[in-house]
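Per-entry structural report
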Amino acid sequence: MLFIGASRKSLWPRLLAGVSYGVPLLFIVLPLASFLAYGFFHLENGNVNYTPSLGNYIRFFTDAIFIPVLWQTSLLCFAVAALTILFGYPVAFLLANLKGRRRHILLLLVLVPLLMSYIIKIYAIRSILGGNGLLNRFLLWIGLIDQPLTLFVFNLNAVLLTLTVLLIPFAILPIFLSLERIPRSLIDASTDLGASGMQTFRHIVLPLSLPGIVSAATFVFVLAIGDFLTPQMVGGQSGFTFGRIIYSQFGTAFNWPFGAALSTILGIIVIAVIMVGNRLEHRHT
Amino acid sequence: MMHLSRVALVALSFATMLVFIALYGPLLIPIISSFFNIAHGEVQWHEPSLSAYQALAQNAGILTAVRNTLIVGFSATFLALIIGTLLALHYCGGTSLARDLMHFTVFLPFLMPPIITGLSLLIFFRETGIPRSMLTVITGHTLFVLALSYRTIVTRLQSLGPSLIEASTDLGASPGQTLRFIILPNLASTLVGAGVLSFALSFDETMITLLVTGTDNTLPIRLWAMMRLGFAPDINALVTIVLGLTVILCVVAVRLLLPAQTIQSE
């Protein structure tokens, strides 16, 4: 399409092709390949032994720790996805129903947190959580509770709450986009035929926004399961997640090959979730 | 979209308000407490002061971190825009399986969990004997934001269509001339927008950086280290400043990315 007349011998197309295949090959494919290969190596006296074996994967499947943690983490991330959709849907729905300046401002308010530093957001949320945190003290002070809630203590609950707050914008946007795509004529037809607002919502709007809900769930799940900063910051002693275990292989445990194998498993789960998500999305459209 | 009843509107507004309180409320705590004295880990609400900011100004590590963040951000943005443009020009230059594979590969560092992107690079650098440094951080950031700049440029090129370029070539322009006089002027606004967004993403990138960084830490890594050490008043001051910068960056990005009329007409 571009440079159609460049058939006279010119360096330009070749240069373009060279960069276009060279850069991704060298900096994306090669690192990924070495990462996948590392999962089959193992550690020997603190050095990497390059004889390929399935040892890391066997350890993953036979050790009593890893599969339960992975299962627990998956459930956690699924709960995060459900919560973000529950809280995000009304916002997306309101957004789709607003016009002009109001809609512009509300959309901006949803987008701004996405550009704010992730680490700062975690820090801010952490500062109000905790057994003796601001949230508990505030609830005690207004008399809503008479004992500090354990809900906010630094454990998996705190991870759940923090991830939900962090990832809500990622749920709002796809739902909003799917609501936007619903043809007005369908809603008008439904209203003309005498359906109440609630009926129109239940039978027209909600089913047609399902693809958006599915892609929101996929988005949030994938982002949540790959996160190791949040559990590290608010998870406390007991809030162990799969991402945190992977990260520890590169810090305290210092077992890179095993870390690579665990990350490969994480990658497989992420790809599977995305594929299932895609399937569901297309079934509903 | 729908005609909403008054009750529905009130309920929706209430739910939306709750979400925004959760999104923005926690951020107010460090901002407000940065303007007060802190003693024995408690904020002294009757003692407003700027001591946190003074402590921050004396923290040499922070200034270095800010400098590193800027160097990394500008380098990564610059590289990603150049490479992104070249890749987009190649992708739009025809159809082939190789092009589709390239297209897919470019998005991988952005789509995969950051821990995988980071680990891949970490292992790659180790096996090729490249020590972890600012250069490895810049590489990681470039790959991360490349997907975004590439995507934006491809979209723009496709919307331009082939006729403009064909006309230029038919009139005898060399590829270089077509690039300079036709393609780049048409890409200018897209490049600026993609650049601002790339810089913002790089400014904030933490998870990949954490894995490929050496001793030259960027601001998020510095913050992460400070927060793990525990509570220090200068963190709140730093958080406040960074949030302020982010909001300014957002306003600039919105002004640049949205055409002026859409803002005025409303």
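First things first, this report covers the structure right here in the doc. The structure presented is a predicted model; accordingly, all values stated were derived computationally and were not measured. (Residues numbered from 1 in each chain as written. Chains lettered and ligands numbered in written order. Predicted model: local features only at pLDDT ≥ 70, side-chain atom pairs only at ≥ 80, totals over all residues. Heavy atoms only, no water.)

Take the overall build of chain B next. Assigned secondary structure in chain B consists of 12 helices and two strands. Taken from the N to the C terminus, the helices and strands of chain B come in the order α-β-β-α-α-α-α-α-α-α-α-α-α-α. Computed over C-alpha atoms, the radius of gyration of chain B comes to 23 Å, more than 25% over the 18 Å expected from 2.2 N^0.38 for 266 residues, which places it beyond the range of a compact globule. Of the accessible surface of chain B, which amounts to about 12,500 Å², a share of 69% is contributed by carbon and sulfur atoms. Across chain B, 11 positive and 11 negative side-chain charges occur, with their mean positions spaced 3 Å apart. (Helix = DSSP H or I, 4+ residues; strand = E, 2+ residues; numbered from the N terminus. Rg over C-alpha atoms; globule rule 2.2 N^0.38 Å. Areas by Shrake-Rupley, 256 points an atom, 1.4 Å probe, with all protein chains shown as cover. Lys, Arg positive; Asp, Glu negative; His and termini not counted. Charge placed at Lys NZ, Arg CZ, Asp CG, Glu CD.)

Moving on: the interface of chain B and chain A. Residue-level contacts link 83 residues of chain B with 86 residues of chain A. Of the roughly 8,000 Å² buried between chain B and chain A, counting both surfaces, carbon and sulfur atoms make up 79%. Linking chain B with chain A are zero salt bridges, by the criterion used here. At the surface where chain B touches chain A, the tally comes to eight residue pairs in polar contact (both at pLDDT 80 or more). Ranked by residue count, the leading element in the side of chain B that touches chain A is helix 1 (residues 6-33) of chain B, at 14 residues. Residue composition of the side of chain B that touches chain A, grouped by class: 61 nonpolar, 13 polar and nine charged. (Contact = heavy atoms within 4.5 Å. Buried area = accessible area lost by both parts, 1.4 Å probe. Salt bridge = Lys/Arg side-chain N within 4 Å of Asp/Glu carboxyl O. Polar contact = N/O pair within 3.5 Å; in protein donor to acceptor, adjacent residues only side chain to side chain. Nonpolar A, V, L, I, M, F, W, Y, C, P; charged D, E, K, R; others polar.)

Residues and elements named next belong to chain A. Enumeration over the complete set of coordinates arrives at one salt bridge over all chains. Across the salt bridge formed by Arg-103 and Glu-180, the nearest N and O atoms sit 2.5 Å from each other. Of the two residues, Arg-103 is situated in helix 4 (residues 100-115) and Glu-180 in helix 7 (residues 156-180); the sequence distance between them amounts to 77 residues. Taking the relative accessible area as the measure of exposure, Arg-103 reaches 22% and is therefore partly exposed. Given a relative accessible area of 40%, Glu-180 falls into the partly exposed group. (Buried < 20%, exposed > 50% of the residue type's maximum accessible area, 1.4 Å probe, protein only.)

Bringing helix 12 (residues 242-249) of chain A into the picture now. The buried count for helix 12 of chain A comes to eight of eight residues, which makes it a mostly enclosed element. Looking at helix 12 of chain A, one finds that the buried residues are Phe242(A), Gly243(A), Arg244(A), Ile245(A), Ile246(A), Tyr247(A), Ser248(A) and Gln249(A). On its buried face, helix 12 of chain A is in contact with helix 2 (55-62), helix 3 (66-97), helix 11 (229-234) and helix 13 (256-283) of chain A together with helix 5 (114-127) and helix 9 (207-212) of chain B.

With 158 residues, the main nonpolar core has Phe93(A), Leu179(A), Val205(A), Leu229(A), Tyr150(B) and Leu157(B) as its most contacted residues. For this core, the leading source of residues is helix 3 of chain A, giving 15 residues. Discounting chain neighbours no more than four positions away, the residues touching Tyr150(B) are Gly84(B), Leu87(B), Ala88(B), Tyr91(B), Met102(B), His103(B), Val106(B) and Phe107(B). (Core = buried A, V, L, I, M, F, W, Y, C linked by side-chain atoms within 4.5 Å.)

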